[in-house]
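# Descriptive analysis of the structure
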Amino acid sequence: AQSVSQHNHHVILSEAASLELGCNYSYGGTVNLFWYVQYPGQHLQLLLKYFSGDPLVKGIKGFEAEFIKSKFSFNLRKPSVQWSDTAEYFCAVNGRTGGYNKLIFGAGTRLAVHP
Amino acid sequence: NAGVTQTPKFQVLKTGQSMTLQCAQDMNHNSMYWYRQDPGMGLRLIYYSASEGTTDKGEVPNGYNVSRLNKREFSLRLESAAPSQTSVYFCASSAVGGGAAKYEQYFGPGTRLTVT
């Protein structure tokens, strides 16, 4: 079955610390991978995506993610976090079931950055 | 472009009451989705509409119905609300066609529903 696993449910960092959020997926087909961010009280916004090509993907606000096919991973990184990065982060992978295209989401990682 | 809009933003219902959540998109997308978001469970797909006139069940359809009114609008109805339906509901849309872009979904601001 298709699934996405995010290992850290809660992460607490101080400003300027480095961030890495883990994401592993299970899907047998061609993968398209996404990271979405949800700031407090807001809707999900696309942070970055991987479709093909360079496995190191750069997104908005200094975030990047690396697709490692052999590890079925798509970890999110940022060298130096800011208080404004406090949010919940969701990893997602494409899937196809019952004739329709869908995204499968991980459970999310809640990041709190302290000044 | 407003993107994806949802109404209402907040709603409190008593057990057994009914209500309809409205969603509209102005991006000319063919596919639309309803999710619920619960703590520690990520987003779970309730219903999906690949195109105008078609709807399909997702992972957690029980207790819900949907209507794809036209290309722009996709509504979610709770016929008899239960406390287990307390959640945040998100509508999303995506383009259709070849390539990976069809998987990229755009989300509305959400409806926070409490059933007492």
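Residues numbered from 1 in each chain as written. Chains lettered and ligands numbered in written order. Predicted model: local features only at pLDDT ≥ 70, side-chain atom pairs only at ≥ 80, totals over all residues. Heavy atoms only, no water.

## Remarks on the interface of chain A and chain B
- Taken residue by residue, the interface counts 21 residues in chain A and 21 residues in chain B.
- In total, about 1800 Å² of surface goes out of reach between chain A and chain B, with carbon and sulfur atoms giving 60% of it.
- Remark: the boundary between chain A and chain B carries one salt bridge.
- Across the pair K49 of chain A and E104 of chain B runs a salt bridge, and its minimum N-O distance is 2.7 Å.
- Connecting chain A to chain B are four residue pairs in polar contact (both at pLDDT 80 or more).
- At the level of elements, strand 5 (33–38), strand 6 (45–50), strand 10 (87–97) and strand 11 (100–105) of chain A are the ones that each hand at least two residues to the side of chain A that touches chain B.
- With five residues, the top contributor of residues to the side of chain A that touches chain B is strand 11 of chain A.
- Residue composition of the side of chain A that touches chain B, grouped by class: ten nonpolar, eight polar and three charged. (Contact = heavy atoms within 4.5 Å. Buried area = accessible area lost by both parts, 1.4 Å probe. Salt bridge = Lys/Arg side-chain N within 4 Å of Asp/Glu carboxyl O. Polar contact = N/O pair within 3.5 Å; in protein donor to acceptor, adjacent residues only side chain to side chain. Helix = DSSP H or I, 4+ residues; strand = E, 2+ residues; numbered from the N terminus. Nonpolar A, V, L, I, M, F, W, Y, C, P; charged D, E, K, R; others polar.)

## Some remarks on the sheet that holds strand 8 (residues 74–78) of chain B
Residues and elements named next belong to chain B.
- The strand order 1-3-8-7 describes an open sheet built from four strands, whose pairing is antiparallel. Since the sheet does not close on itself, it has two edges, and those belong to strand 1 (4–7) and strand 7 (64–68), each with one partner. Going from strand to strand, the sheet's axes swing by 20° on average, the running direction of each strand aside.
- Judged from the four bridges that link them, strand 1 and strand 3 (residues 19–25) form a sheet pairing that is antiparallel. Residue pairing in the sheet places V4 in a bridge with Q25 of strand 3. (Pairing = 2+ DSSP bridges. Axes fitted to C-alpha atoms, helices over the stretch in contact; angles between N-to-C directions.)

## So, the state of the cysteines
- Using the criterion set out here, one finds two disulfides over all chains in the structure.
- In this model C23 of chain A forms its disulfide with C91 of chain A; the gap between the sulfur atoms is 1.9 Å. With the S-S dihedral at roughly -65°, the linkage between C23 of chain A and C91 of chain A falls on the left-handed side. Of this pair, C23 of chain A sits in the loop between strand 3 (19–21) and strand 4 (24–26) while C91 of chain A sits in strand 10, and the two are 68 residues apart along the sequence. In this pair, the class of C23 of chain A matches that of C91 of chain A, namely buried.
- Residue pairing for C23 of chain B: its cysteine sulfur links by disulfide to C91 of chain B, the two sulfurs lying 1.9 Å apart. Looking down the S-S bond of the C23 of chain B and C91 of chain B bridge, the torsion is -70°, so its handedness is left-handed. In this pair, C23 of chain B sits in strand 3 while C91 of chain B sits in strand 9 (residues 87–94), placing the two residues 68 residues apart along the sequence. Each member of the pair C23 of chain B and C91 of chain B is classed as buried. (Disulfide = S-S within 2.5 Å. Buried < 20%, exposed > 50% of the residue type's maximum accessible area, 1.4 Å probe, protein only.)

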